[in-house]
Amino acid sequence: SQTIHQWPATLVQPVGSPLSLECTVEGTSNPNLYWYRQAAGRGLQLLFYSVGIGQISSEVPQNLSASRPQDRQFILSSKKLLLSDSGFYLCAWSVGNTDTQYFGPGTRLTVL
Amino acid sequence: GESVGLHLPTLSVQEGDNSIINCAYSNSASDYFIWYKQESGKGPQFIIDIRSNMDKRQGQRVTVLLNKTVKHLSLQIAATQPGDSAVYFCAERITGGFKTIFGAGTRLFVKA
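Cut-offs applied
Residues numbered from 1 in each chain as written. Chains lettered and ligands numbered in written order. Predicted model: local features only at pLDDT ≥ 70, side-chain atom pairs only at ≥ 80, totals over all residues. Heavy atoms only, no water. Salt bridge = Lys/Arg side-chain N within 4 Å of Asp/Glu carboxyl O. Helix = DSSP H or I, 4+ residues; strand = E, 2+ residues; numbered from the N terminus. Disulfide = S-S within 2.5 Å. Buried < 20%, exposed > 50% of the residue type's maximum accessible area, 1.4 Å probe, protein only.

Q: Explain the pattern of salt bridges to me, and be specific about the residues and the numbers.
A: A pair can form between side chains of opposite charge whenever their charged atoms are brought close. All names here are of chain B. Considering all chains together, one arrives at seven salt bridges over all chains under this definition. Of the charged contacts, one joins Arg61 and Asp84 as a salt bridge, the two residues approaching to 2.9 Å between their closest N and O atoms. A residue pair is termed long-range when its members are at least 10 positions apart, and Arg61 in the loop between strand E5 (56-58) and strand E6 (62-67) and Asp84 in the loop between strand E7 (72-77) and strand E8 (86-94) qualify at 23 residues. Sharing partners across several salt bridges, the network here consists of Lys37, Glu39 and Lys42.

Q: Explain the state of the cysteines to me, and be specific about the residues and the numbers.
A: By definition, a disulfide links the sulfur atoms of two cysteine residues through a covalent bond. Inspection of the entire model under this criterion finds two disulfides over all chains. Note that Cys23 of chain A is cross-linked by a disulfide to Cys91 of chain A, the S-S spacing being 2.0 Å. Linking Cys23 of chain A and Cys91 of chain A, the disulfide has an S-S dihedral of approximately -75° and is accordingly described as left-handed. Here Cys91 of chain A lies in strand E9 (residues 87-94) and Cys23 of chain A lies in strand E3 (residues 19-26), a separation of 68 residues in the sequence. A relative accessible area of 0% means that Cys91 of chain A is categorised as buried. Disulfide partner of Cys23 of chain B: Cys90 of chain B, at an S-S distance of 1.6 Å. The sign of the 40° torsion about the S-S bond sets the Cys23 of chain B-Cys90 of chain B disulfide as right-handed. One end of the pair, Cys23 of chain B, is in strand E2 (residues 19-24); the other, Cys90 of chain B, is in strand E8, with 67 residues separating them in the sequence. Given the relative accessible area of 8%, Cys23 of chain B is considered buried.

Remember that the coordinates give geometry; whether it matters functionally is a separate question.
Now the structure itself:
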């Protein structure tokens, strides 16, 4: 069966510090991968998606970047965090021509 | 489009009653629809899906209804239980696309 992992689960970082969040998927090949951000009590904002290694599409211009160095690894990064980067970051995967996305447990990021 | 930035509407029901959560989707070219459940501090979980060539689909205690004429989707939960308390998101996929567009979400409170 497929599983998706995210780490860390929680993170507190100062403004201006770098960020690296990691997501890995097991049990499937060539998944579509997604990064979302969710502000408290709000909906999901798609940040990036990837349909293959090295292929990244950005949905919202911002302070973040994404990379996919391996088929089942998706990384969200920032060189300098802003207060507005605080939120709940979710990674998701899907395969084939259905777009049922399966979500990871999320990372709660607080920028102080 | 995406509903980022909207505070969540709330539905409060008595334990044992049926719940109906509604969603208006945005694009008549969408061909696949999904309902997700998100408990506090966790990633969204898949509940049920429906394709645009159907108008009703049933699962265990849940039913999804699709009305393409008015672009409306609903999730019915039978005999609502305290464990059903969560935020529920509808999502749509536009034909041929990789992205899923999420609705604003509805918070369901189940009163014992």
